[in-house]
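Listed below are the residues making up each chain.
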Amino acid sequence: MVDARRYHERTKHTPESVRTDSFSLDFENKPRPYKQYKHLPTVTLEEPQRSINDPALAAISTFPRRDLDSAETSIDRHALQTLCHYATGVTKTLEKQGHQMRFRAAACTGKLYHIDLYAVTGDISGLDAGVYHFDPETESFDVLRRGDYRGVLATATADYSAVATAPVTFVATSQWWRNAWKYRNRTYRHAFWDSGTILANLLAVAAGLGYESTVVTGFMDDPVTHLLGLDPTDEAPLELIPVGTGSPVPEAPAVEQISPDETPLSDHVVEYPLVADAWRQSTLENEMAVRSWRDQVGDAADDAFGVHDQGDGRQVPVDPVDDETASGRPITNTIERRGSLREYSPDAISDRKFATVLDRALGGILTEWGEERPRLVDYYCLVHAVDGIPSGVYQYHPAENVLEHLGETSRRAAGHLALDQSVVGDAAVNLYTMADIDAIVEQVGNRGYRLAQLVGGIALGRLYLATYAHRALGGRGFTFYDGLVTEHLSPRASNQTPMTLFAFGKPAC
Ligand SMILES: Cc1cc2nc3c(=O)[nH]c(=O)nc-3n(C[C@H](O)[C@H](O)[C@H](O)COP(=O)(O)O)c2cc1C
């Protein structure tokens, strides 16, 4: 039985833990990055909608509202497929040393793609009500159940309104082994990082299509697991994302047990029980637990999660450009051209672009608590090369659009912090999302850890989109030595530990 704080401690990287680790990858036993059911019927899909003209920078930072006339309510099969494709579909195939390498819409640790999306729908135009698994390999839906099961999700969320009226709710899951093959016990962290980048895309494309969508973290896990026919020691639900609005969903029907056969992912599965255990220790068992999770997070005092308001460091205002002046690259095109930048130019980036990336990527996301709360994380920048901003460590305060100077840094130190990946120091900026895990778990329990990691993952996904919306910017997510990062950002961040890291700048020519 592992507490989230203990899990986090046990899975930290240190220079010593990395140096003394004798683990080596077993390429013969590498899992497939796709789930394959053996006997399920499928629904083949047509082409996704390739061009959504909404600029990416607007799509990642706006929330169509159900009370706005413009909010789309109906959803059809084509829109559903477009959402799936740009969240987790294959967007690029490159040939490297004679091998075809397929890249997905969202970044994923180790390119292992362990996150899947399921759609639980009512009758929508072109598709009967059902429970579907999106298969990115064939761009089709596997049919898990026929019939309207949305009521199961409504009940699982204690009738949370967005789920109780949505024409479709997506469930994101992690099939642990697909990531644990390389990352072992760290897979539980990666589940939230990697679902976060997918959710960033999903929310942005939903906004581009005019749909309201919300990230829902409070639900009874077991009924959702049961609905999808999962065994949580193998694959478990992480988040629900209702998209669109409609009339109240019908009452939940009886849910028979299913356990559809799958083609094995690899020769054998190596068990890392800590992962499923950490997940299990953060589950919500009944309606009361769901309501109390929602209340506890919603009612927490502003400073309950150990975040920091502006202190007395020197202030550097940052000045994002307005929507008319900002890059107008459409969201779908931005996702298609996104790809982790391999090499950075050491040149400085424009201060206005820097400000615009931070402003659009790090505003609120729509959750059960609205878009401003809960404030679980702080953002810190290591600035190496931005026009007019001296190199240094800064805390970024999104509400005020101000950088607060905290100390000195160097490109060399930055590379060291990031698991000695010197390329990180070549970037113009390194952005760390930091959270006080002790305070969060103390306040709201182990589920708070999921949420903090997820907020870090969504920030990473939106940062990818905000940089690739610009012509001459690119970036990549990175991993780090947890304790060294805290030290580098202290004393301000001495109570916080890193969730995610994104390094961005100009591509090397
Ligand atoms: C949370 C996260 C952490 C990552 N950490 C590293 C890293 O430490 N080093 C690295 O080279 N790439 C890292 N990556 C980049 C992935 O390897 C990359 O996303 C994956 O290979 C897919 O390629 P693409 O982003 O170009 O689609 C990370 C990505 C994510 C989402």
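Quick caveat, the model's predicted, so the values are computed rather than measured. Positions within a chain are numbered from 1, following the residues in the order the chain's sequence is written. Side-chain atom pairs in this predicted model are given and counted only at pLDDT of 80 or more, local residue features only at pLDDT of at least 70, and totals for whole chains, interfaces and linings cover all residues. Each side-chain value is derived from all of the structure's non-hydrogen atoms; neither hydrogens nor water enter the calculation.

Once that is clear, we can look at the packing of aromatic side chains. Describing an aromatic ring pair means giving the distance of the ring centres and the angle of the ring planes. Think of it this way: a Phe, Tyr or Trp ring, Trp meaning its six-membered ring, pairs with another when their centres are within 6.5 Å, and the plane angle makes it stacked under 30 degrees, edge-to-face over 60, tilted otherwise. Enumeration over the complete set of coordinates arrives at 14 aromatic pairs. An angle of 50° between the planes, with centres 6.0 Å apart, marks the rings of Trp-193 and Phe-480 as tilted. Residue Trp-193 is located in helix H8 (residues 187–208), and its partner Phe-480 is located in the loop between strand S14 (474–478) and helix H18 (482–488); the two are separated by 287 residues in the primary sequence. Throughout, exposure labels follow a simple rule: accessible area from a 1.4 Å probe, protein chains only, divided by the maximum for the residue type, with under 20% read as buried, over 50% as exposed, and the rest as partly exposed. For Trp-193, a relative accessible area of 4% corresponds to the buried category. For Phe-480, a relative accessible area of 0% translates into the label buried. Look at Trp-293 and Trp-369: their rings are 5.8 Å apart centre to centre, the planes differ by 75°, and that puts the pair in the edge-to-face class. Counting from the N terminus, the helices are the DSSP runs of H or I reaching at least four residues and the strands are the DSSP runs of E reaching at least two.

What follows deals with the domain arrangement of the protein. If you check the domain split of the protein, you get domain 1 (4–11 + 40–251 + 265–297) and domain 2 (315–505). Of note, the centres of domain 1 and domain 2, computed from C-alpha atoms alone, are 24 Å apart. Pairs of residues are marked as contacts when any of their non-hydrogen atoms sit within 4.5 Å. Between domain 1 and domain 2, the contact holds 60 residues from the first and 56 residues from the second. Put simply, a salt bridge is a Lys or Arg side-chain nitrogen that is within 4 Å of an Asp or Glu carboxyl oxygen. Our count for the contact surface shared by domain 1 and domain 2 stands at 5 salt bridges. Put simply, Arg-189 and Asp-482 hold a salt bridge, and the shortest N to O gap is 3.0 Å. We call two N or O atoms a polar contact when they sit within 3.5 Å, provided that within protein one can donate a hydrogen and the other can accept it, with sequence-adjacent residues counted only if both atoms are side-chain atoms. On inspection of domain 1 and its partner domain 2, the count reaches 26 residue pairs in polar contact (both at pLDDT 80 or more). Breaking the side of domain 1 that touches domain 2 down by element, the ones donating at least two residues are helix H1 (4–10), helix H3 (56–59), strand S2 (90–96), H8, strand S8 (235–243) and helix H11 (287–299). Of the residues forming the side of domain 1 that touches domain 2, the biggest block, 12 residues, is contributed by H8. Here the side of domain 1 that touches domain 2 is built from residues that sort into 30 nonpolar, 18 polar and 12 charged. For each domain, the first and last residues come from an automatic or database assignment. Ten residues, namely Ala, Val, Leu, Ile, Met, Phe, Trp, Tyr, Cys and Pro, are considered nonpolar, four, namely Asp, Glu, Lys and Arg, are considered charged, and the remaining ones, Gly among them, are considered polar.

Bringing the pairing of strand S10 (residues 377–383) into the picture now. Counting buried positions along S10 yields 7 of 7 residues, so the element is predominantly enclosed. Where S10 and strand S13 (residues 429–435) come together, 7 bridges link them in antiparallel fashion. Bridge pairing in S13 links Tyr-380 to Tyr-432. Here a strand pair is declared whenever DSSP counts at least two bridges between the two strands.

The strands making up a sheet associate through backbone hydrogen bonding, with each pair oriented either parallel or antiparallel. Pairing in this open sheet of 7 strands is antiparallel, and the strands run S9-S12-S11-S10-S13-S15-S14 from one edge to the other. Strands at the two margins of the open sheet, each flanked by one partner only, are strand S9 (315–317) and S14. Strand-to-strand twist in this sheet, taken as the mean axis angle between neighbours without regard to direction, amounts to 30°. Every angle, taken between N-to-C directions, lies between 0 and 180 degrees, and every axis is a line fitted to C-alpha atoms, over only the stretch in contact when it is a helix.

By nearness alone, 20 residues border the ligand, and Arg-338, Ser-340, Gln-421, Arg-476 and Thr-479 come closest of all. Measuring from an oxygen atom of the ligand, one finds a backbone N or O atom of Cys-108 at 3.3 Å. Taking Ser-340, its side chain carries an N or O atom lying 2.6 Å from an oxygen atom of the ligand. The fraction of the free accessible surface of the ligand (620 Å²) that becomes covered by protein chains is 88%. Broken down by secondary-structure element, the contributors of at least two residues to the shell around the ligand are H8, helix H17 (447–468) and S14. Ranked by residues supplied to the shell around the ligand, first place goes to S14 with 3 residues. Taken together, domain 1 (4–11 + 40–251 + 265–297) and domain 2 (315–505) each give at least three residues to the shell around the ligand, which thus spans both. Whether a residue is near a molecule or strand is decided by its heavy atoms; if any one of them lies within 4 Å of it, the residue is near. The Shrake-Rupley method, run with a 1.4 Å probe sphere, supplies the accessible areas, and residue values consider only the shown protein chains as cover.

Our focus in this paragraph is the sheet that holds strand S1 (residues 42–44). The antiparallel open sheet is built from 6 strands, whose spatial order is S1-S6-S5-S4-S7-S8. In this open sheet, the two edge strands, each paired with only one partner strand, are S1 and S8. Looking at each pair of strands side by side, their axes are set apart by 30° on average, direction ignored. In the sheet, strand S4 (residues 115–121) pairs with strand S7 (residues 168–175) via 7 bridges, with the strands oriented antiparallel. What sits directly across from Thr-121, in S7, is Val-168. The sheet contacts of helix H9 (residues 221–228) involve S4, strand S5 (130–135), strand S6 (140–146), S7 and S8, and relative to S8 the element is tilted by about 95°.

Here we come to the pattern of salt bridges. Evaluated as defined, the whole model comprises 22 salt bridges. We note a salt bridge from Glu-442 to Arg-5, for which the minimum N-O separation is 4.0 Å. On the criterion of sequence distance, the pair formed by Glu-442 in helix H16 (residues 437–444) and Arg-5 in helix H1 is long-range, its members being 437 residues apart. Each of Asp-3, Arg-5 and Glu-442 takes part in a single network of salt bridges with overlapping partners.

Looking now at the side chain of Thr-334. Tracing the sequence through the fold places Thr-334 in helix H12 (residues 331–337). A residue is classified by how much of its surface remains accessible, and Thr-334, at 0% relative accessible area, is buried. Here the side chain of Thr-334 touches Pro-330 through a polar contact of 2.8 Å, landing on its backbone oxygen. Apart from residues lying up to four places away in sequence, Thr-334 is in contact with Ala-56, Arg-329, Leu-465, Tyr-468 and Ala-469.

Cis peptide bonds are those with omega within 30 degrees of zero, and the linkage from Arg-373 to Pro-374 qualifies with -5°. Here Pro-374 shows up in the loop between helix H13 (351–361) and S10. In this structure, Pro-491 follows Ser-490 across a cis peptide bond, with omega equal to 10°. Relative to the assigned elements, Pro-491 resides in the loop between H18 and strand S15 (497–505). Although it is not a glycine, Gln-97 sits at a positive phi angle of roughly 45°. The topology assignment puts Gln-97 in the loop between S2 and strand S3 (99–104). Non-glycine residue Asp-159 carries a positive phi angle of around 60°.

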